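This is what each chain is made of:
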Amino acid sequence: MPDRQASSSASAKKTLPDAQTVTEVRHWTDRLFSFRVTRPRSLRFRSGEFVMIGLLDDNGKPLLRAYSIASPAWDDELEFYSIKVPDGPLTSRLQHIRPGDQIILRPKPVGTLVHDALLPGRRIWFFATGTGIAPFASLLRDPQTYEDYDEVILTHTCRELGELEYGRRLIEDIRQNELLEELIGKGFADKLRYYPTTTREESPKMGRITDLMRSGEAFEDLGVAPLSPETDRAMVCGNLAFNLELKDMLEGYGLEEGANSDPKTYVVEKAFLD
Ligand code: A2P
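Residues numbered from 1 in each chain as written. Predicted model: local features only at pLDDT ≥ 70, side-chain atom pairs only at ≥ 80, totals over all residues. Heavy atoms only, no water.

Undergrad: Lay out the domain arrangement of the protein chain with the relevant residues and their values.
TA: Entries for the protein chain in the domain assignment read domain 1 (4-109) and domain 2 (115-268). Of note, the centres of domain 1 and domain 2, computed from C-alpha atoms alone, are 25 Å apart. Facing 20 residues of domain 1, the contacting portion of domain 2 comprises 22 residues. In this assembly, domain 1 packs against domain 2 so that about 1800 Å² is buried in total across both faces, 58% of it on carbon and sulfur atoms. For domain 1, the biggest contributors to the area lost against domain 2 are Trp28, Trp74 and Tyr81; these three give 36% of the whole. If you look at where domain 1 meets domain 2, you find two salt bridges. As a salt-bridge pair, Glu163 and Arg31 come within 2.8 Å of each other at their nearest N and O atoms. Linking domain 1 with domain 2 are nine residue pairs in polar contact (both at pLDDT 80 or more), by the criterion used here. Among the secondary structure elements, those contributing two or more residues to the side of domain 1 that touches domain 2 are strand E2 (32-38) and strand E5 (77-83). The element best represented in the side of domain 1 that touches domain 2 is E5, accounting for four residues. (Domains from an automatic or database assignment. Contact = heavy atoms within 4.5 Å. Buried area = accessible area lost by both parts, 1.4 Å probe. Salt bridge = Lys/Arg side-chain N within 4 Å of Asp/Glu carboxyl O. Polar contact = N/O pair within 3.5 Å; in protein donor to acceptor, adjacent residues only side chain to side chain. Helix = DSSP H or I, 4+ residues; strand = E, 2+ residues; numbered from the N terminus.)

And the structure:
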């Protein structure tokens with residue numbers, strides 16, 4: 001059992017503050033990887049929230065960044081999805097972690113991409129670019145998402161096809177997952193729509209989601225009307241330019257930005273990078 005050995009030797013050298021042990025690492029492309037770590041027994045979080053994670057730097061100081069938790073709240077472990085930033089202080093090191101290694105995890109989850117920050121609605125849109133899909137990977141496996149809404153639409157825009165793979169597998173797994181069906185109810189996955197697009201490599205659907213919405217093509221493809229504050233709710237997570245552009249568009253449809261303390265019709269959060 002090489003995994004056991006790896007983690008017991010790692011726990012023997014448990015010197016980091018708030019240390020958790022890496023249990024699995026997957027490299028999706030040369031720019032993207034995901035990893036799983038042990039979950040502190042006391043850690044409770046709401047789907048869509050983020051925590052600070054990191055490693056010690058050369059001087060033994062914690063080097064921390066915000067990472068959305070990609071795993072569902074009912075999972076025994078925590079999953080994260082990360083970009084590898086060339087020369088990024090944290091990700092240039094983090095990309096080399098292996099099962100049995102330790103990372104620092106500050107167990108104080110926070111964030112605005114939470115159900116509590118939205119008023120009730122009929123349809124929810126999750127708009128992501130790149131690693132911005134991470135909080136939605138959690139929300140898409142949260143029973144509340146399907147209890148609260150009749151329709152759940154995930155859009156994911158990436159440069160290349162390989163960058164869509166994490167999301168494609170996630171959706172495939174959700175649609176086949178018997179545990180989820182038991183937890184959420186038979187046929188829950190019928191509510192889920194997936195709309196992946198690429199911008200720099202040929203794929204079945206090309207273009208930025210913002211452009212595809214502006215032209216009406218995305219709504220036509222999905223067979224739904226453009227967003228309306230009466231029926232639609234939205235969560236946005238991607239790069240800064242994307243967030244700003246989509247925010248403008250959502251306000252153009254009449255949606256208003258909500259917060260934990262003041263729920264409204266959309267919420268937005270930056271996909272965190274080095
Ligand atoms: P594009 O290739 O046209 O820049 P990145 O990897 O740079 O974070 O980008 C992830 C995806 O987000 C890319 O497909 C990129 O498209 C897209 N994107 C970047 N800016 C915007 C924006 N303002 N609106 C919509 N999509 C965007």
